[in-house]
Amino acid sequence: MIRADEHHLRNGTLKAHSDQKQQGSNSLKNGFHVAGKVQKNANGDSFHQPRVRGEDSFEEAPMYVAVLTYMGYGIVILFGYFRDFLRAVGLEKCHQAQEREEQKDFVPLYQDFENFYKRNLYMRVRDNWNRPICSLPGPVFDVMERVSDDYNWTFRLTGKTIENVINMGSYNYLGFAENNVDFLKTVAEETRQYGVGVCSTRQELGNLSIHENLEQLVAEFLGVESAMAFGMGFATNSMNIPALVGKGCLILSDELNHTSLILGARLSGATIRVFKHNNMQSLEKLLKEAICSGQPRTHRGWKKILIMVEGIYSMEGSLVRLPEILALKKKYKAYLYLDEAHSIGAVGPTGRGVTEHFGVDPNEVDVLMGTFTKSFGAAGGYIAGKKELVDYLRSHSHSAMYATAMSPPVVEQIIRAIKCIMGVDGTTEGQRRVRQLSENTRYLRSRLKEMGFIVYGNQDSPVVPLLLYLPGKVGEFSRAMLKRKIGVVVVGFPATPIAEARARFCVSAAHTREMLDKVLQNLDELGDHIRVKFSRRRPSHRQELYNETDFERDS
Amino acid sequence: MALADAWKQLSWFYYQYVLVTALYMLEPWERTIFNSLLITVAAMAVYTGYVFMPQHIMAILHYFEVVQ
């Protein structure tokens, strides 16, 4: 792995692997605070060489694992057909929705693969998702115990609570999901002043002064001219992309983009072309083709070319290749839409996101988008950029015109979180959290790799996917971890490719070293007991960028 | 003592088998069906081997002129 980052005096950069355990909680040793000043954004003196990013790792599993995965799915699918047959014949009661008797001759509603998968595979292990939680989703939380008498078709709560379960699944990167009264004083005050409901859209009577404050603060935090905040992160993407591009425009979107980006792109009516994940040769090929041949039938030039990427991809934990994309963008005169949902607040020495992580000026990215749900412990999203862009969105975005404005306590929570990270409130709490997150991330990732698990993604990303592959082990992993009082999120098809089911850990700044050690110890034992330590340290096919002859996505 | 260890080890092997073949996700009666089918097929293979293996081996040895 490239260790060029050793020479930069930055936060959370631990020199050697073995030093990490000794550094412990004394994180000021890292020497980031040069002369006690908190280094601000990436402009100013940081326009030094862009930081070399560590390589993403996508290690491939041994062949027998893939074979066994498909075999496992095959067996369960066969039994699925068998059970469907029993239900059709009437030997078994069908718990799922069915068409009415009178509609049996219509086009069938529930026979496609998705419904089959849901009935026969998802239902069997459904108790690992949608677990009811009865405390705030901090570093530890309480889970309500529930049992099922009929194999997960119905649940009942036993009334008991499983307490102090370590939370490895919430997007609580900086630990702002807290109910400490001192920190929430300003939130209470603002609620007293503004109430909770806004009862109007931003364009009508819902533009409160607190919204203006928030937007100015977000713009200052990111280092751009202007920003606009919306009530829902998903809606920020899906409602604003149609306002930015339309028919006659081209969208080049990464293979693994989030559903909100895809939905926004489809709603806009622009032509969408997909390039391989993080693969710059594929993107360049598409750009060249687009500029040479123009629009599909008329061969006129495209009105706009928009490249849509994410800062951190939440299922892989990989970081975007920002410097290369900026170079391509300048060369081919395209626009860049950067979705920093997971990376804002979570990467970068002072938590400013991937632009700071790479040492890039945020004004170079045309549209900076992010959400407040993950690192700021609130709800909503923002779009930031040049003043003309944001002013245009204020009047042309569906979200601004039709969606209710953000609720004041939520806005104040975001304001206080941003002020805390920036250090404006006079404490170093925010910086401590950013450093702690970075330390925790590096620690967890390196220990997991040491233990022999296959972990995807970049070493700096707080999203840690641990590959499980086999469908039986996925269910067992989640249940066994809950028995050991650790709550994890496991993901399978269709959110991931069918052969790559995984458990996804989200590291938080609020996790202490003891909690992480407990998690690691349990993972170690469980990994041995279940046998999910597949790593053999072999580089994977995804990294052979320079040996590929064809950069078409479907090859 | 050794029997208890052997039983634990066998039980762990069964657990791994159930996890890997995804029988873990199935209900107990489905596991019974699958295991019975598997054991039936395996038993038939073993029986066929037992009945025909001597003939096959003699034929092979005869072909390679090791035995007349």
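Residues numbered from 1 in each chain as written. Chains lettered and ligands numbered in written order. Predicted model: local features only at pLDDT ≥ 70, side-chain atom pairs only at ≥ 80, totals over all residues. Heavy atoms only, no water.

By the naming in an unreviewed UniProt entry, chain B goes by Serine palmitoyltransferase small subunit A-like and is assigned to Carassius auratus. Quoted verbatim from the Sequence similarities (unreviewed entry) field of the UniProt record, the comment on chain B reads "Belongs to the SPTSS family. SPTSSA subfamily." UniProt annotates chain B under Subcellular location (unreviewed entry) with the comment "Endoplasmic reticulum membrane". (UniProt positions renumbered as here; feature names shortened; annotations may be inferred.)

For chain A, the name recorded in an unreviewed UniProt entry is serine C-palmitoyltransferase, with Carassius auratus as its organism. Looking at chain A in UniProt, the text filed under Sequence similarities (unreviewed entry) is "Belongs to the class-II pyridoxal-phosphate-dependent aminotransferase family."

Undergrad: What is the right way to read the UniProt feature "transmembrane region" (unreviewed entry) in chain B from this model?
TA: Residues and elements named next belong to chain B. Feature annotation in UniProt assigns "transmembrane region" (unreviewed entry) to the following positions: residues 12–27 and 33–53. For residues 12–27, the helix share is 56%, the strand share is 0%, and the end-to-end C-alpha distance is 19 Å. Here residues 33–53 is 100% helix and 0% strand, with 29 Å between the C-alpha atoms at its ends. (Helix = DSSP H or I, 4+ residues; strand = E, 2+ residues; numbered from the N terminus.)

Undergrad: What exactly am I supposed to notice about the interface of chain A and chain B here?
TA: Note on interface size: it is often stated as the accessible area lost on association of the parts. In this complex, chain A contributes 24 residues to the contact, which on the side of chain B involves 17 residues. Interface area for chain A against chain B, summed over the two sides, is near 1900 Å², with a carbon-plus-sulfur share of 68%. At the boundary of chain A with chain B, the tally comes to three salt bridges. Ionic pairing is found between Arg124(A) and Glu30(B), a salt bridge with its closest N-O pair at 2.8 Å. Those elements that place two or more of their residues in the side of chain A that touches chain B are helix 2 (63–89), helix 15 (471–483) and helix 16 (513–530) of chain A. The element that contributes the greatest number of residues to the side of chain A that touches chain B is helix 2 of chain A, accounting for nine residues. (Contact = heavy atoms within 4.5 Å. Buried area = accessible area lost by both parts, 1.4 Å probe. Salt bridge = Lys/Arg side-chain N within 4 Å of Asp/Glu carboxyl O.)

Undergrad: Would you explain the UniProt feature "domain: Aminotransferase class I/classII large" (unreviewed entry) in chain A in this entry?
TA: Feature annotation in UniProt assigns "domain: Aminotransferase class I/classII large" (unreviewed entry) to the following positions: residues 164–522 of chain A. Taken end to end, residues 164–522 of chain A comprises 42% helix and 15% strand; its first and last C-alpha atoms sit 15 Å apart.

Undergrad: Sorry if this is basic, but what is going on with the environment of Ser200(A) here?
TA: Residues and elements named next belong to chain A. Of note, Ser200 is situated in the loop between helix 4 (185–194) and helix 5 (209–222). Along the sequence, Ser200 and Met401 sit 201 residues apart, while their C-alpha atoms lie 9.8 Å from each other. Not counting residues within four places of it along the chain, the set of residues in contact with Ser200 comprises Leu205, Gly206, Thr404 and Ala405. There is a polar contact of 2.8 Å between the side chain of Ser200 and the backbone nitrogen of Leu205. (Polar contact = N/O pair within 3.5 Å; in protein donor to acceptor, adjacent residues only side chain to side chain.)

Undergrad: Would you mind going over a positive patch on the surface with me for this structure?
TA: All names here are of chain A. Together, Lys247, Arg297, Lys303 and Lys304 make up a positively charged patch on the protein surface. With respect to the helices and strands, the residue Lys247 is situated in the loop between helix 6 (233–244) and strand 4 (250–254). According to the relative accessible area criterion, Lys247 is exposed, its value standing at 66%. (Patch = residues over 30% accessible without salt bridge, like charges linked within 9 Å, V, L, I, M, F, W, Y side chains within 5 Å. Areas by Shrake-Rupley, 256 points an atom, 1.4 Å probe, with all protein chains shown as cover. Lys, Arg positive; Asp, Glu negative; His and termini not counted. Charge placed at Lys NZ, Arg CZ, Asp CG, Glu CD. Buried < 20%, exposed > 50% of the residue type's maximum accessible area, 1.4 Å probe, protein only.)

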